[in-house]
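Reading the structure
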Amino acid sequence: MSYRVAVLASGSGSNFQALVDAPVLAESGAQVVCLLSNVPGARVLARAEAAGVPAEVVSHKDFGARGEFDAAVVGRLSEYKPDLIALAGYMRLLSPVFLRAFPTIINIHPALLPAFPGVHGIRDAFDYGVKVTGVSVHFVDEGMDTGPIIAQEALRIEEGESLEALEERIHKVEHELYPRIISWFAQGRIERQGRRVHVRSDR
Ligand code: GRF
């Protein structure tokens with residue numbers, strides 16, 4: 001039986017693409033069973049179609065309260081019976097309605113949390129002048145990038161490196177890290193104890 005992953009994204013979807021393409025995901029028994037976007041016309045929808053992954057669109061603009069929007073999203077996602085919800089550039093905070101509906105919800109963030117949360121993680125770290133930044137994968141709670149950290153990978157910012165070059169390197173790390181972490185979930189290797197998350201060895 002496969003481990004069913006639902007991906008939520010609002011934009012370009014390069015991380016969605018990486019998940020669909022990664023051999024490590026299929027090897028672990030995980031499968032991306034649906035893509036949901038809150039943005040009609042987002043590029044990620046075309047990627048889903050090309051990859052043959054069922055896509056759903058629920059626009060937050062069609063709803064007044066956040067809870068109502070999330071209830072609609074939950075309704076749509078539930079049909080796919082996901083084991084894991086993976087946010088990948090999903091530009092909405094999750095309300096309790098959503099958080100209660102699924103036991104495992106994770107996100108990828110392009111900085112070393114708790115530094116530089118929010119939508120401009122790469123640029124904020126770069127402008128701050130840090131010498132080391134990176135990528136974090138974490139459980140999702142009600143806050144902005146505040147949930148327990150599952151894995152992080154650090155990257156040294158090179159002398160004279162441009163923001164664009166750094167962005168490219170960060171995305172490359174994301175595209176390798178996110179599938180790997182999800183494969184760990186599929187293998188049942190992730191244990192959560194409060195804020196501390198442990199990864200069991202696979203041997
Ligand atoms: C990624 O940098 C991810 O870390 C952040 O949003 C960006 C999404 O990029 N949460 P893409 O849409 O996957 O290309």
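Residues numbered from 1 in each chain as written. Predicted model: local features only at pLDDT ≥ 70, side-chain atom pairs only at ≥ 80, totals over all residues. Heavy atoms only, no water.

Close contact between helix α1 (residues 14-21) and helix α3 (residues 43-51) brings their axes to 9 Å; oriented N to C, the two are set at 15 degrees. Here α1 lies roughly parallel to α3, going by the angle between them. Considering how the two elements wind past one another, α1 and α3 form a crossing that is right-handed. Along the contact surface, α1 presents Ser14, Phe16, Gln17 and Val20, while α3 presents Val44, Arg47, Ala48 and Ala51. For the contact of α1 with α3, the residue count by class is five nonpolar, two polar and one charged. (Axes fitted to C-alpha atoms, helices over the stretch in contact; angles between N-to-C directions. Helix = DSSP H or I, 4+ residues; strand = E, 2+ residues; numbered from the N terminus. Parallel < 35°, antiparallel > 145°, perpendicular 65-115°, else oblique. Left-handed = near helix turned anticlockwise from the far one by under 90°. Contact = heavy atoms within 4.5 Å. Nonpolar A, V, L, I, M, F, W, Y, C, P; charged D, E, K, R; others polar.)

Attention now moves to the environment of arginine 47. Assignment of secondary structure puts arginine 47 in helix α3. Note: C-alpha distance between arginine 47 and alanine 125 (78 residues apart in sequence) is 29 Å. Only 3.2 Å separates the side chain of arginine 47 from the side chain of glutamine 17, close enough to count as a polar contact. (Polar contact = N/O pair within 3.5 Å; in protein donor to acceptor, adjacent residues only side chain to side chain.)

Lining the immediate surroundings of the ligand are Ser12, Gly13, Ser14, Asn15, Gly89, Ile108, His109, Pro110, His171 and Glu174. Here an oxygen atom of the ligand and a backbone polar atom of asparagine 15 are 2.8 Å apart. One nitrogen or oxygen atom from the main chain of isoleucine 108 is found 3.0 Å from a nitrogen atom belonging to the ligand. Calculation on the ligand without its partners gives an accessible area of 370 Å², and the protein chains cover 84% of this total. Of all elements in the fold, only α1, β5 (105-109) and α7 (163-186) reach the threshold of two or more residues within the shell around the ligand. (Near = heavy atom within 4 Å. Areas by Shrake-Rupley, 256 points an atom, 1.4 Å probe, with all protein chains shown as cover.)

Across the sheet, which stays open at both edges, the seven strands sit in the order β3-β2-β1-β4-β5-β6-β7 with mixed pairing between neighbours. This sheet does not close on itself; its edge strands, each paired only once, are β3 (55-57) and β7 (149-156). Geometrically, the sheet is characterised by an average inter-axis angle of 20 degrees between neighbouring strands, direction not taken into account. Direction of pairing for strand β2 (residues 30-37) relative to β3: parallel, over a ladder of three bridges. Bridge assignment links serine 37 to a residue of β3, and that residue is valine 57. Each of β1 (3-8), β2 and β5 touches α1; the most contacted strand, β2, lies at about 155 degrees to it. The strands touched by α7 within the sheet are β1, β2, β4 (84-87), β5, β6 (132-139) and β7, with β7 carrying the most contacts at an inclination of about 155 degrees. (Pairing = 2+ DSSP bridges.)

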